Amino acid sequence: MVSIQKCGVIGVGFVGATSAFTLATSGLFSEITLVDMNQKKAEGEAADINHGISFVRPCRVHAGSYADLAECGLIVIAAGANQKPGETRVELLGRNQAIMQSIIGEIMAVNRHAILLIVSNPVDVLTYMVQKISGLPAGRVIGSGTVLDTSRLKYLLGQHLSVDMRNVHAFIIGEHGDSELAVWSSANISGVDLADYCRITGKDYSFGAMQRIYENVRDAAYSIIEGKGATYYGIGMAVRRIAEAIVRDEHSVLPVSSLISGHYGVDGLCLGLPSVVGRSGVESVLDIPLSPDELSQLQSSAIKLKSLITELES
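Heads up: these notes are all about the structure in this document.

### So, the overall build of the chain
Part 1 of the reasoning: When helices and strands are counted, the chain shows ten helices and 16 strands.
Part 2 of the reasoning: Its C-alpha atoms give the chain a radius of gyration of 19 Å, near enough to 20 Å, the size a compact globule of 314 residues would have.
Part 3 of the reasoning: The principal-axis extent of the C-alpha atoms belonging to the chain is close to 55 × 50 × 40 Å.
Part 4 of the reasoning: In the chain, which comprises 314 residues, the share counted as buried stands at 51%.
Part 5 of the reasoning: In the chain, once contacts between residues fewer than 6 apart in sequence are set aside, the share between residues at least 24 apart is 69%.
Part 6 of the reasoning: Taken as a whole, the chain presents about 13900 Å² of accessible surface, with 54% of it coming from carbon and sulfur.
Part 7 of the reasoning: Averaging the positions of the 25 positive and the 32 negative side-chain charges in the chain gives two centres separated by 4 Å.

### Some points on the packing of helix α5 (residues 147-161) against helix α7 (residues 207-218)
Part 1 of the reasoning: Viewed as axis vectors pointing N to C, α5 and α7 meet at an angle of 140°, and their least axial separation amounts to 9 Å. Viewed along their axes, α5 and α7 adopt a mutual orientation that is oblique. In the packing of α5 onto α7, the handedness of the crossing is right-handed. Here Asp149, Arg152, Leu153, Leu156, Leu157 and His160 of α5 come into contact with α7, specifically with Ala209, Met210, Ile213, Asn216 and Val217.

### Remarks on the state of the cysteines
Part 1 of the reasoning: Applying the stated criterion to the full structure yields zero disulfides.
Part 2 of the reasoning: The cysteine cysteine 59 is free of any disulfide, with cysteine 7 supplying the nearest cysteine sulfur at 8.5 Å.
Part 3 of the reasoning: The thiol sulfur of cysteine 72 is not disulfide-bonded, and the nearest other cysteine sulfur, from cysteine 7, lies at 6.5 Å.

### Thoughts on unusual backbone geometry
Part 1 of the reasoning: Along the chain, asparagine 121 connects to proline 122 via a cis peptide bond; the corresponding omega equals -5°.
Part 2 of the reasoning: Note on placement: proline 122 falls in the loop between β5 (115-118) and α4 (123-134).
Part 3 of the reasoning: Not every positive phi belongs to a glycine, and aspartate 249 is a case in point at roughly 50°.
Part 4 of the reasoning: In this fold, aspartate 249 is placed in the loop between α9 (233-247) and β12 (252-254).
Part 5 of the reasoning: Look at tyrosine 264: it is not a glycine, yet its phi comes out positive at around 55°.

### What to know about the sheet that holds strand β15 (residues 275-278)
Within a beta sheet, neighbouring strands are joined by backbone hydrogen bonds and run either parallel or antiparallel to one another.
Part 1 of the reasoning: Pairing is antiparallel across the open sheet formed by three strands, whose spatial order is β12-β15-β16. Here the strands that pair on one side only, and so sit at the sheet edges, are β12 and β16 (281-285). Here the average twist between neighbouring strands, direction ignored, is 40°.
Part 2 of the reasoning: In terms of strand pairing, β15 meets β16 through four bridges, oriented antiparallel. Within β16, the residue paired with valine 277 across the bridge is valine 282.
Part 3 of the reasoning: Across the sheet, α9 touches β12 and β15, and the angle it forms with β12 is around 145°.

Cut-off values and rules
- Residues numbered from 1 in each chain as written.
- Predicted model: local features only at pLDDT ≥ 70, side-chain atom pairs only at ≥ 80, totals over all residues.
- Heavy atoms only, no water.
- Helix = DSSP H or I, 4+ residues; strand = E, 2+ residues; numbered from the N terminus.
- Rg over C-alpha atoms; globule rule 2.2 N^0.38 Å.
- Buried < 20%, exposed > 50% of the residue type's maximum accessible area, 1.4 Å probe, protein only.
- Contact = heavy atoms within 4.5 Å.
- Areas by Shrake-Rupley, 256 points an atom, 1.4 Å probe, with all protein chains shown as cover.
- Lys, Arg positive; Asp, Glu negative; His and termini not counted.
- Charge placed at Lys NZ, Arg CZ, Asp CG, Glu CD.
- Axes fitted to C-alpha atoms, helices over the stretch in contact; angles between N-to-C directions.
- Parallel < 35°, antiparallel > 145°, perpendicular 65-115°, else oblique.
- Left-handed = near helix turned anticlockwise from the far one by under 90°.
- Disulfide = S-S within 2.5 Å.
- Pairing = 2+ DSSP bridges.

Now the structure itself:
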């Protein structure tokens, strides 16, 4: 029998190790198992995290094998190949598809009841792959989607408006990538429409100002990678937030990625949309109001993802 207090993390590179750290210090889990092809790396990461556990709620972190994931209620997948020089995105996806087939085969052999949280990129396509390979219900195969992108938007809007980012309510939806879009039409500051808030406070709500914020969100990873080589703290905190919604059965609305069936005219692929997340995973996908332009952008994002999937499967 699986326990939601037990978690597995597969792949302990920058993202996987940081996710393991945020989960171990969250107080959500009693046990976390790290699985990696490099056993020594997994053992080292487990030891490093364990040495600070006395400062937080008790949690046993250990390196293990796939067999040790049998009782995990949540399994985070952060493994995958990095793009080689000159390699196309489809070629990279082909290699990652083979990796995912191997990983999912190992998981399904010992545990068919866990919720799978995919963090590896390109997350939407890999989430689709994992759902198809595993055959699990759509709600139990979740990609991190645009949860981090949405947090970036809240942060930058908060900076622009000189307001607590926790009072900013807005979404980035679609692909976690270049075709993602900001839903400006429903953005608000504690219930006050964004345009009205800017008018009241004298802040710039011009197209140029909002476009610059959106572009900074969209291109954030490129900028961070240029500066430090990789991004992992933000996504590590996003993983913790999604795990919290699941473990605590919060029914929180988060723009995770899951298999979409008919929402906004999109069908048969995974992309980030506001979804109710609780103990059973994605409980429902919400059709929030979109302007005609936003709907067009979302459908264009879906077409881009669909073309990748079609090319990969052909």
